[in-house]
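# Summary of structural features
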Amino acid sequence: PRSSSTMMQLTTQQIAGVECLVREGDPEVGTIVVFHGFGSNAGDMASLADSIDSRARWVFPQGIVPLWFRNARAWWKIDRSGPRDLAGPMSEATANAIEQLLVFFKELDATRLVLAGFSQGAMISAHLALCLPEPPAGLLLFSGTALDVHKLEDLAPSRPGLRFFQSHGTNDRILPLPGARRLFDTLQTAGLDGDFFEFPGAHDIPPDALRAAAAFIDRLLA
């Protein structure tokens, strides 16, 4: 559920042509950029601001691809009838989305940057964290999976010590747990510093995962 206090504080801003909901906070604490999942929208993620850290500035970009149902967005279109194992080479549409968002980050005025995402948003967050000119302060990955493992393996060694938090449900049938474990192991093996929170649930961010993420952010931005 959305937090009414967060929703009242949100403003709409355009950053490098990407529409964003922004919850202002103390930029010295940090800026947390959250990418929503396929078929969702920026507003659906806004309650994270109060659930995880009410001090920081929060930016919720709107997916760059409009979908066929009301207010639904994505970062790239997917074949919903296709396999859920996305570990092979990414599509041209996915690569183009990453390139467009790298331009977005050039225009985003942010210090102590944290990237976050749910599902498809977690996949793109992981790649962006490895592609940005400067490493972010941290990374939050909710119900994501290993996207283009070879590219992850190539990029991740450039981010030794990057701290990240990852959560995933044991009964996730949309993006099953083994893919999430593969993502975590790939990043950890490359030298990133991760925490994996496994919960008995599906494709979701339950309260226990939110509390664990909040504790991670408290340590990261202390």
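Above this text sits the structure in question.
In this report, the structure presented in the accompanying data block is examined. (Residues numbered from 1 in each chain as written. Predicted model: local features only at pLDDT ≥ 70, side-chain atom pairs only at ≥ 80, totals over all residues. Heavy atoms only, no water.)

## Description of the nonpolar core
Defined as follows: Among the buried residues, those of types Ala, Val, Leu, Ile, Met, Phe, Trp, Tyr and Cys that are joined through side-chain atoms within 4.5 Å form a nonpolar core. For each residue, the accessible area found with a 1.4 Å probe, counting protein chains only, is set against the maximum for its type, and the residue is called buried under 20%, exposed over 50%, and partly exposed in between. Going along the chain from the N terminus, every DSSP run of H or I of four or more residues is numbered as a helix, and every run of E of two or more is numbered as a strand. When checking whether two residues touch, look at their non-hydrogen atoms; a contact exists if any pair is within 4.5 Å.
Core analysis: the largest hydrophobic core is formed by 45 residues, its most contacted members being Val33, Phe104, Phe105, Leu115, Ile124 and Leu128. Elements with a minimum of two residues in this core: strand 2 (18-23), strand 3 (31-35), helix 3 (92-107), strand 7 (113-118), helix 4 (120-131), strand 8 (138-142), helix 5 (149-155) and helix 6 (177-189). With seven residues, helix 4 is the single largest residue contributor to this core. Other than its neighbours up to four places away in sequence, leucine 128 contacts Phe35, Ile98, Leu101, Leu102, Phe105 and Leu115.

## Comments concerning helix 6
An α-helical segment advances 3.6 residues per turn. Residues three or four places apart therefore align on the same side. Stated precisely, the cut-off is as follows: Multiplying 1.5 Å by the helix residue count minus one yields the expected span of that helix.
For helix 6, spanning 13 residues, the distance from its first C-alpha to its last is 18 Å, which sits close to the expected 18 Å at 1.5 Å a residue. Within the sequence span of helix 6, burial applies to Leu177, Gly179, Ala180, Leu183, Phe184, Thr186 and Leu187. The elements touched by buried residues of helix 6 are helix 4, strand 8, helix 5, strand 9 (163-169) and strand 10 (193-199). Looking one or two places after helix 6, you find glycine 191, whose phi comes out positive at around 110 degrees.

## Here we look at the packing of helix 3 against helix 4
Let me state the cut-off plainly: Helix axes use the C-alpha atoms of the stretch in contact, all axes being lines fitted to C-alpha atoms, and the angles between their N-to-C directions lie in the range 0 to 180 degrees. When describing relative orientation, an angle under 35 degrees is termed roughly parallel and one over 145 degrees roughly antiparallel, while 65 to 115 degrees is termed roughly perpendicular and anything else oblique. It is the rotation of the near helix from the far one that decides the hand of a crossing: anticlockwise by less than a right angle makes it left-handed, clockwise makes it right-handed. When residues are grouped by polarity, Ala, Val, Leu, Ile, Met, Phe, Trp, Tyr, Cys and Pro land in nonpolar, Asp, Glu, Lys and Arg in charged, and all others, Gly among them, in polar.
Following both chains from N to C, one finds helix 3 and helix 4 inclined at 60 degrees, their axes separated by 10 Å at the closest point. Considering their axes alone, helix 3 and helix 4 lie oblique with respect to each other. The interaxial crossing formed by helix 3 with helix 4 has right-handed handedness. Every residue of helix 4 that contacts helix 3 at Ala97, Ile98, Leu101, Leu102 and Phe105 is listed here: Ile124, His127, Leu128 and Cys131. Residue classes in the contact of helix 3 with helix 4 are distributed as eight nonpolar, one polar and no charged.

## What about the pattern of salt bridges?
Keep this limit in mind: Here, a salt bridge means any Lys or Arg side-chain nitrogen found within 4 Å of an Asp or Glu carboxyl oxygen.
Overall, the coordinates contain six salt bridges when judged by the stated rule. Note that glutamate 198 and arginine 181 form a salt bridge whose closest N and O atoms lie 3.3 Å from each other. Highlighted residues: glutamate 198 in strand 10 and arginine 181 in helix 6, separated in sequence by 17 residues. In this structure glutamate 198 comes out as partly exposed when scored by relative accessible area, which is 38%. Take arginine 181: its relative accessible area is 32%, and that puts it in the partly exposed class.

## Quick notes on helix 3
Our working rule: Throughout, the arc means that of the directions going from the helix axis to the C-beta atoms.
For helix 3, with 16 residues, the first-to-last C-alpha span of 24 Å sits near the 22 Å given by 1.5 Å per residue. All of the buried residues in helix 3 are Thr94, Ala97, Ile98, Leu101, Leu102, Phe104 and Phe105. Looking down the long axis of helix 3, one finds its buried residues gathered within 155 degrees of arc, a one-sided arrangement. Of the exposed residues in helix 3, the ones pointing more than 90 degrees away from its buried face are Glu92, Glu99, Lys106 and Glu107.

## Describing the sheet that holds strand 7
To keep things clear, this is the line we draw: For two strands to be treated as a pair, DSSP must find no fewer than two bridges joining them.
Pairing within the open sheet is mixed, and its eight strands lie in the order 1-2-4-3-7-8-9-10. Edge strands, defined here as strands with exactly one partner in the open sheet, are strand 1 (10-15) and strand 10. Here the strands of the sheet are splayed against their neighbours by 20 degrees on average, with no regard to which way each runs. Packed onto the sheet, helix 7 (residues 207-220) meets strand 3, strand 7, strand 8, strand 9 and strand 10 and runs at close to 180 degrees relative to strand 9.

## Structural notes on unusual backbone geometry
Of note in the backbone geometry, alanine 16 takes a positive phi value of approximately 55 degrees without being a glycine. Mapped onto the fold, alanine 16 is located in the loop between strand 1 and strand 2. Here the phi dihedral of aspartate 148 falls at roughly 55 degrees; this positive angle occurs in a residue that is not glycine. Look at aspartate 148 and you get buried, because its relative accessible area is 7%.

## A look at the packing of aromatic side chains
The condition is simple: Here the aromatic set is Phe, Tyr and Trp, taking the six-membered ring for Trp, and pairing holds for ring centres within 6.5 Å; pairs whose planes are under 30 degrees apart are stacked, those over 60 apart are edge-to-face, and all others are tilted. Definition used: whenever NZ (Lys) or CZ (Arg) falls within 6 Å of the ring centre and also within 35 degrees of the ring normal, the charge is taken to sit over that ring.
In total, this model carries 10 aromatic pairs according to the counting rule given. Between phenylalanine 165 and phenylalanine 216, the aromatic rings sit 6.0 Å apart at their centres with planes inclined by 40 degrees, giving tilted as the arrangement. Of the two residues, phenylalanine 165 sits in strand 9 while phenylalanine 216 sits in helix 7, which places them 51 residues apart along the sequence. Taken individually, phenylalanine 165 and phenylalanine 216 each receive the classification buried, so the pair is uniform in this respect. Ring pairing ties together the aromatic residues Phe35, Trp75, Phe104 and Phe105, which thus form one cluster. When the ring centre of phenylalanine 196 is taken as origin, the NZ or CZ atom of arginine 181, which lies over that ring, is 3.9 Å away.

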